[in-house]
Amino acid sequence: MKWFACELHTHTVHSDGSQTLQELATGARKLGFEAIALTDHNTMSGLIDKEEVQRESGLIVISGMEWTTFYGHMVTIGINSFADWRQTDKDSIDQGIAAVHRSGGLAGLAHPFRIGSPACTGCYWEYDIKDWSAVDYIEVWSGTFAPIQISNHRAFALWTEKLNERFRVAATSGRDWHSQTKTEEPLSVTYLGVPEDAVPTERQLVEALRCGRVSVTIGPLLELEVELDGECIGIGGVIPHEKANQALNLRIKLDFSVRAESWSLPDQGSPEQRIKVRSDQRIEAECFTNDEATLYEMTVLGGEKKWLRAELWGSVHGVSTLIAFTNAIYFD
Ligand SMILES: [Zn+2]
Ligand SMILES: [Zn+2]
């Protein structure tokens, strides 16, 4: 698997951003991103410059739009055409999600627990979703230094709850990036995984998100694989029911070389940094990391589980926090 550094939630002067797509792409490139999704509020007009910006910046620009309504914000990416938000009311977001899918795109809850009106009208998610199997992703980390924000803790808990209910929903980060104002706060990155031999395209990245091949971090890239009878099941993959009872050999990789110039977590290297493998039932395995090792192997018992994910915990700016997490590997 090859992993691509993506920023999936951005705005330009075509909505309430103060940057052009060109400026956004240049800024993203400097920060080591390889792809961005443009998700202006209720408009796709900023994409008129997409081809030119892709050519000049070398960045992949994913077509998107943020549905911006009184009942919630919904990020939609990979769309081929405009999907109209105006027909949906509080009880009919399911039809709205279906319209996004008909436009070739994916739909995700944007910052679902950010404070709503009057601070930010519609920012808090109030839509009543009837069919969670249609929801493609939840933006569980929104903004900068995302993992320490209470509203993101709630979004992360919602994602875990949906995994526990056996929905195969992905989890992403999004800066909700509006301007080129500099920040010292850690930025989160959504890594999307494409097959090793593939030439990355917008479609490939959207497909990666659809399949849950996603790893999110404010630091190193975290990967998780399960080795089963010589076969390797990666993030977003499914462990077949008939094999779920055997002991599972896990390989967890930490890659500190990604976007090497663009981030640092000053407190790291402390003995407190640790990897946890979590399931719907418990913390299945845990180990401290050290400066040299990038590969950690663990064995966990199989059995009646619903999902597994890896998490990296540590101290950042004096706060004990989640630093990175993988999306789930599912049990059939
Ligand atoms: Zn929003
Ligand atoms: Zn936004």
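Thresholds applied
- Residues numbered from 1 in each chain as written.
- Chains lettered and ligands numbered in written order.
- Predicted model: local features only at pLDDT ≥ 70, side-chain atom pairs only at ≥ 80, totals over all residues.
- Heavy atoms only, no water.
- Donors = N, O, S within 2.8 Å, 3.2 Å for Na, K, Ca; no water.
- Helix = DSSP H or I, 4+ residues; strand = E, 2+ residues; numbered from the N terminus.
- Buried < 20%, exposed > 50% of the residue type's maximum accessible area, 1.4 Å probe, protein only.
- Domains from an automatic or database assignment.
- Contact = heavy atoms within 4.5 Å.
- Buried area = accessible area lost by both parts, 1.4 Å probe.
- Polar contact = N/O pair within 3.5 Å; in protein donor to acceptor, adjacent residues only side chain to side chain.
- Axes fitted to C-alpha atoms, helices over the stretch in contact; angles between N-to-C directions.
- Parallel < 35°, antiparallel > 145°, perpendicular 65-115°, else oblique.
- Left-handed = near helix turned anticlockwise from the far one by under 90°.
- Nonpolar A, V, L, I, M, F, W, Y, C, P; charged D, E, K, R; others polar.
- 1 Å grid on protein atoms, 1.4 Å probe; cavity = no way out; pocket = protein on both sides within 12 Å on 5 of 7 lines; lining within 4 Å.
- Points joined across faces, edges and corners; volume = space filled by probe spheres on them.
- Disulfide = S-S within 2.5 Å.
- Lys, Arg positive; Asp, Glu negative; His and termini not counted.
- Salt bridge = Lys/Arg side-chain N within 4 Å of Asp/Glu carboxyl O.
- Expected span 1.5 Å × (residues − 1).
- Tetrahedral: all angles 85-135°; square planar, octahedral: opposite > 155°, others 65-115°.

**Overview of the coordination of the zinc ion (ligand 1)**
For the zinc ion (ligand 1), the protein coordination sphere consists of Glu66 (OE), His73 (ND1) and His111 (NE2), at 2.0 to 2.1 Å. All donors to the zinc ion (ligand 1) come from one chain, and their sequence spacing reads E-x6-H-x37-H. A spacing of 3.4 Å is found between the zinc ion (ligand 1) and the zinc ion (ligand 2), which share Glu66 as a donor. Residue Glu66 is located in strand S3 (residues 60–69), and its partner His111 is located in the loop between strand S5 (106–109) and strand S6 (137–142); the two are separated by 45 residues in the primary sequence. His111 shares its class with Glu66; the two are buried.

**Considerations on the domain arrangement of the chain**
Domain assignment breaks the chain into domain 1 (2–214) and domain 2 (219–331). Taking only C-alpha atoms, the centre of domain 1 and the centre of domain 2 are 24 Å apart. Counting residues at the interface gives 30 residues for domain 1 and 27 residues for domain 2. When the area that domain 1 buries against domain 2 is broken down by residue, the three leading residues are Trp3, Arg168 and Tyr191, summing to 22%. Run the count over domain 1 and domain 2 and you get nine residue pairs in polar contact (both at pLDDT 80 or more). Of all the elements in the fold, those that place two or more residues in the side of domain 1 that touches domain 2 are strand S1 (2–10), S6, helix H4 (150–164), strand S7 (170–174) and strand S8 (189–194).

**Structural notes on the packing of helix H1 (residues 21–30) against helix H2 (residues 50–57)**
Closest axis-to-axis distance for the H1/H2 pair is 10 Å, and the angle between their directions is 30°. Regarding the angle of H1 to H2, the classification is roughly parallel. Between H1 and H2 lies a crossing of right-handed hand. The residues of H2 that touch H1, namely those facing Leu21, Gln22, Ala25 and Arg29, are Lys50, Val53, Glu56 and Ser57. For the contact of H1 with H2, the residue count by class is three nonpolar, two polar and three charged.

**Concerning the layout of surface pockets**
In this model, the largest pocket occupies a volume close to 560 Å³. Taken together, 24 residues form the lining of the largest pocket, with Leu31, Lys182, Thr183, Leu187 and Ser262 sitting closest to its centre. Composition of the lining of the largest pocket by domain shows at least three residues from each of domain 1 (2–214) and domain 2 (219–331). Empty space within the second largest pocket amounts to approximately 180 Å³. Contributing elements (two or more residues each) for the lining of the second largest pocket: H4 and strand S18 (319–326). Residues belonging to the lining of the second largest pocket are distributed by class as follows: eight nonpolar, four polar and no charged. Two domains each provide a minimum of three residues to the lining of the second largest pocket, namely domain 1 (2–214) and domain 2 (219–331).

**Topic: the state of the cysteines**
Working definition of a disulfide: a covalent bond connecting the sulfur atoms of two cysteines. Inspection of the entire model under this criterion finds one disulfide. What pairs with Cys120 in a disulfide is Cys123, and their sulfur atoms sit 1.7 Å apart. The class for Cys120 is partly exposed, based on a relative accessible area of 22%. For Cys123, a relative accessible area of 1% translates into the label buried. Lacking any disulfide linkage, Cys6 is separated from the closest cysteine sulfur, that of Cys211, by 14 Å. Overall, Cys6 belongs to the buried group, its relative accessible area being 0%. Overall, Cys211 belongs to the partly exposed group, its relative accessible area being 29%.

**Topic: the side chain of Glu66**
One buried charged residue, Glu66, forms no salt bridge at all, with the nearest opposite charge on Arg114 at 6.4 Å. A polar contact of 3.3 Å, which involves the side chain of Glu66, links it to the side chain of His111. Apart from the residues lying within four places of it in its own chain, the contact partners of Glu66 are His9, His11, Thr39, Asp40, His41, Asn42, His73, Met74, Val75, Ala110, His111 and Asp176.

**Observations regarding the pattern of salt bridges**
A side chain with one charge can pair with a side chain of the opposite charge if their charged atoms come near. As enumerated under the stated definition, the model contains 17 salt bridges in all. Put simply, Asp128 and Lys130 hold a salt bridge, and the shortest N to O gap is 3.9 Å. The exposure class of Lys130 is exposed, given its relative accessible area of 55%. In this structure, Arg282 and Glu284 form a salt bridge, with 3.3 Å as the shortest nitrogen-oxygen distance. Counted as one network, the salt bridges with shared partners bring together Glu225, Glu227, Arg251 and Lys253.

**Some thoughts on H4**
A rise of 1.5 Å per residue sets the reference length of H4, with its 15 residues, at 21 Å; its end C-alpha atoms lie 21 Å apart and thus fit the reference within 8%. If you follow the buried residues of H4, they end up packed against S5, S6, S7, strand S17 (307–316), S18 and strand S19 (329–331).

**What about the coordination of the zinc ion (ligand 2)?**
At this site the zinc ion (ligand 2) is bound by His9 (NE2), His11 (NE2), Glu66 (OE) and Asp176 (OD), with donor distances of 2.0 to 2.2 Å. The coordination sphere of the zinc ion (ligand 2) comprises four donor atoms, whose angles at the metal cover 82 to 171°; the geometry is irregular. Mapped onto the sequence, the residues coordinating the zinc ion (ligand 2) show the spacing H-x1-H-x54-E-x109-D.

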